[in-house]
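Each chain, written out:
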Amino acid sequence: MAKTSVSLRELESRVGQEVGISPWVAMPQERIDLFAKATEDFQWIHVDPARAKSSPYGGTIAHGFLTLSLLSHLAETTFSFSDRKMGVNYGLNRVRFTAPVPAGAKIRGRFTLARYEKIEGNGVQTTWNVIFEREGGDKPVCVAEAISRHYF
């Protein structure tokens, strides 16, 4: 899937619209294990495939925060802002982990622009409703409101 090329100055007219869908990203057990090491979160449901087989999920699942941490990557692979000099994450609102991400699954993000506000320093603050989907899943695995700031 090709990046969506967007002008920040013209983005204001897209409030309320889905602006982009990211490519699929794999969630192999190796990524889950590396995240566990980085965060020191070794909960067995994430890192013990043998024990997790008897869980309600039938195997290991990704940490919710691992899924969420891929937000920046999903955004960067989705958008190309033609008139942006710099962009930074500003925060999150209303994050929910609504379904598991089994090891080996693929996820992607759907980005709907919720708000567009001009800010000091020749920039804009955008608020995105992001839905993380699992390939073949019947409901989102995570939903979040992500805020970013972009400067011209």
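Being a predicted model, the structure only gives us computed values, none of them experimental. What you see as residue numbers is a count from 1 along each chain, following the sequence as written. Local features in this predicted model are restricted to residues of pLDDT 70 or higher, and side-chain atom pairs are both shown and tallied only at a pLDDT of 80 or more, whereas totals for entire chains, interfaces and linings draw on every residue. Water and hydrogen atoms play no part in the side-chain values, which are based on all heavy atoms of the structure.

*Asks:* When you look at the packing of aromatic side chains in this model, what are you seeing that I'm missing?
*Replies:* Geometry of an aromatic ring pair is reported as the spacing of the ring centres plus the angle between the planes. The criterion for an aromatic pair is that two Phe, Tyr or Trp rings (for Trp, the six-membered ring) have centres within 6.5 Å, with stacked assigned to planes under 30 degrees apart, edge-to-face to planes over 60 apart and tilted to the rest. Per the stated rule, a full pass over the model turns up 5 aromatic pairs. Their ring planes at 35 degrees and their centres at 5.0 Å tell us that Phe79 and Trp128 sit as a pair that is tilted. Taken together, the residues span a long stretch of sequence, with Phe79 in strand β4 (residues 79–81) and Trp128 in strand β7 (residues 123–134) at a distance of 49 residues. Both residues of the pair, Phe79 and Trp128, belong to the buried class. Strands are runs of DSSP state E lasting at least two residues, helices are runs of H or I lasting at least four, and both sets are numbered from the N terminus onward. Accessible area is worked out with a 1.4 Å probe on protein chains only. A residue is then buried under 20% of its type maximum, exposed over 50%, and partly exposed in between.

*Asks:* Where do I start with unusual backbone geometry in this structure?
*Replies:* Note: most peptide bonds trans; most residues except glycine with negative phi. Despite not being glycine, Glu40 shows a phi value in the positive range, around 55 degrees. Considering the arrangement of structural elements, one finds Glu40 in the loop between α2 (29–39) and α3 (44–47). Although it is not a glycine, Asn122 adopts a positive phi angle of roughly 60 degrees. On the basis of relative accessible area, Asn122 is assigned to the partly exposed category, the value being 47%.

That is the geometry; function is a separate question.
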